[in-house]
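# Examination of the molecular architecture
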Amino acid sequence: VGCWDHVGPAPKDPINGVTEAFLADPSPSKINLGVGAYRDDKGRPVVLQCVREAEAKIAGSVFLESLSAVVNSKMIEESVKLVYGNDSDVVKEGRFAGVQALSGTGACRLFAEFQRRFHPESHIYFPDPTWSNHHNIWRDAQIRERTYHYYHHDSKGLNFAALIDDIKNAPHGSFFLLHPCAHNPTGADPTEEQWREISYQFKVKNHFPFFDMAYQGFASGDLDKDAQAIRIFLEDKHLIGCAQSYAKNMGLYGHRVGCLSILCSDSKQGAAIRSQLQQIARAMYGSPPVHGVLLVSTILSDSDLKSLWVDELKDMADRIRTMRTTLRENIEKLGSPLCWEHITNQLGMFCFSGLSPDQVDRLAREFHIYMTRDGRISMAGVTTGNVNYVANAIHEVAS
Ligand code: PMP
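Residues numbered from 1 in each chain as written. Predicted model: local features only at pLDDT ≥ 70, side-chain atom pairs only at ≥ 80, totals over all residues.

## Examining the overall build of the protein chain
Going by this rule: The helix count covers DSSP runs of H or I at least four residues long, the strand count covers runs of E at least two residues long, and both are numbered beginning at the N terminus. Buried means a residue has 20 or more other C-beta atoms within 10 Å of its own C-beta, exposed means 12 or fewer, and partly exposed covers the counts in between; C-beta atoms are placed from the backbone.
A count of helices and strands for the protein chain gives 16 helices and 13 strands. Seen along its three principal axes, the alpha-carbon backbone of the protein chain occupies a region of about 60 × 60 × 55 Å. The buried share of the protein chain, reckoned over its 399 residues, is 45%.

Below, the structure written as structure tokens:
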């Protein structure tokens, strides 16, 4: 018998499966609404101008180990400012442990591993539903998962009352994963008032909030506004964990640039936790590649490039919002008897359409439109050129 005879194929990933089906479809009118990455109004991937200019600025840099350490700490410093605020005390006093991570996924994985090392019996609470890879990441770190209520199928919004009940009923000191903005896949975010209540209840129960921030800037077009949830928790003096990704908001998907930060009670604890995180990373992949990090630190530490980025980020968020309005209007114009308000109420990259798995299958079969079977539409895939066609198809299968 061969050494690997007992190995069967892994279950298909629900998101990658959509791309495979899309690529296999020969129709020229096919549309991929499964993509998680931003596309412009022509459906093309985008390299931001700020990134092009940063590329030109760093061209020819020699990546010595010493440079890598400097660039790394600059990137971390600028990243934590984005999350916790330029003037936040935790940043000024160094009361955090920050490490560079392989994009948002890598930051989550590092945190899950850290959680297992120091709280091996703990669970992680995920919103129901959540990004499908969260299940894989914590499972591979051998942390058991539980879920908390999040989405309300009838309103296609947040089920706030049930969410609060679950926070209250979870054992003291539980670990919760929260999406601070642009919840994936539902696009349903708590309001400011609701975040205040959530933060208060976390305080009462001494729960640990871990924020997975993959879309800062994509919900409102404004970086600070999208960090509001975290700032509220900060005001309430929680010790927070946060995973950041530059895949979407800087369009650096392939560069895998991210940051994991954990707030600490003082700088001594910060140094201890940082050394643990660095050791975990070292055993997993040594150190991360430096090119993308250099791009991010160049953009964030140059005021012109940073304001260019802020403008470009707003343009991306605005395009998505415009497509939400147009898609909703077009479906309504067709005389749909159903309610489509949720298309514009939801925020960020995704619209949780409410289409059933059968309706999603029909969209693929009859209209060559592809999305995950939970009915999640990537709004980044909707363009001025295809919005009418998409609206017609949705109306057709939904009525
Ligand atoms: N968290 C959430 C909620 C996401 O939607 C994503 C991207 N789909 C990620 C993390 C990780 O993305 P990346 O590793 O590409 O930064």
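## Quick word on the site of the ligand
Which entries qualify depends on this criterion: A residue counts as near a molecule or strand when its C-beta atom, positioned from the backbone, falls within 6 Å of it. Amino acids outside the nonpolar list (Ala, Val, Leu, Ile, Met, Phe, Trp, Tyr, Cys, Pro) and the charged list (Asp, Glu, Lys, Arg) are all regarded as polar, and Gly is one of them.
Taken together, 13 residues sit near the ligand, with Ser-103, Gly-104, Thr-105, Ala-214 and Ser-245 positioned nearest. Examining the composition of the shell around the ligand, we find that three residues originate from one element, helix H5 (residues 103-118), more than from any other. Here the shell around the ligand is composed, by residue class, of four nonpolar, eight polar and one charged.

## A look at the pairing of strand S8 (residues 208-213)
For clarity, the threshold we go by: Strand pairing is defined by DSSP finding a minimum of two bridges between the two strands. The definition of a right-handed crossover adopted here requires that, viewed with the strands pointing away, the path from the first strand over the helix to the second runs clockwise.
With six of six residues buried, S8 lies mostly within the body of the structure. As defined by bridge partners, strand S7 (residues 175-178) adjoins S8 across four bridges and the pair is classed as parallel. Bridge pairing in S8 links Phe-176 to Pro-209. Since S7 and S8 lie parallel, the crossover through helix H8 (residues 192-205) that links them has a hand, and here it is right-handed. Here S8 pairs with strand S9 (residues 241-245) via four bridges, running parallel. Following the sheet pairing, Phe-211 is matched in S9 by Cys-242.

## Things to note about the sheet that holds strand S4 (residues 144-149)
Heads up, the condition is: Here an axis means a line fitted to C-alpha atoms, over the contact stretch when the element is a helix, while the angle between two N-to-C directions is reported on a 0 to 180 degree scale. By definition, residue pairs are in contact when their C-beta atoms, positioned from the backbone, come within 7 Å.
Sheet architecture is open: seven strands sit in the order S2-S10-S9-S8-S7-S3-S4, paired in mixed fashion. This sheet does not close on itself; its edge strands, each paired only once, are strand S2 (96-102) and S4. Ignoring which end each strand starts from, the neighbouring axes of this sheet average 20° apart. In this structure, S2 lies alongside strand S10 (residues 257-263), joined through seven bridges in antiparallel fashion. Paired with Gln-100 across the bridge in S10 is Cys-259. Where helix H11 (residues 267-285) meets the sheet, its contacts fall on S2 and S10, and the angle it forms with S2 comes to roughly 20°.

## What to know about the environment of Tyr-148
By secondary structure assignment, the location of Tyr-148 is in strand S4. Those residues in contact with Tyr-148 that sit more than four places away from it in its chain are Tyr-125, Pro-127, Asp-128, Leu-163, Asp-166 and Ile-167.

## Regarding the nonpolar core
Note the cut-off: Defined on buried residues, the nonpolar core groups Ala, Val, Leu, Ile, Met, Phe, Trp, Tyr and Cys residues joined through C-beta atoms within 7 Å.
With 117 residues, the main nonpolar core has Leu-110, Phe-111, Ile-230, Leu-260, Val-296, Met-379 and Val-390 as its most contacted residues. For this core, the leading source of residues is helix H13 (residues 303-333), giving nine residues. For Leu-110, the contacting residues outside a window of four places in its chain are Val-99, Ala-101, Leu-260, Leu-277, Ile-280 and Ala-281.

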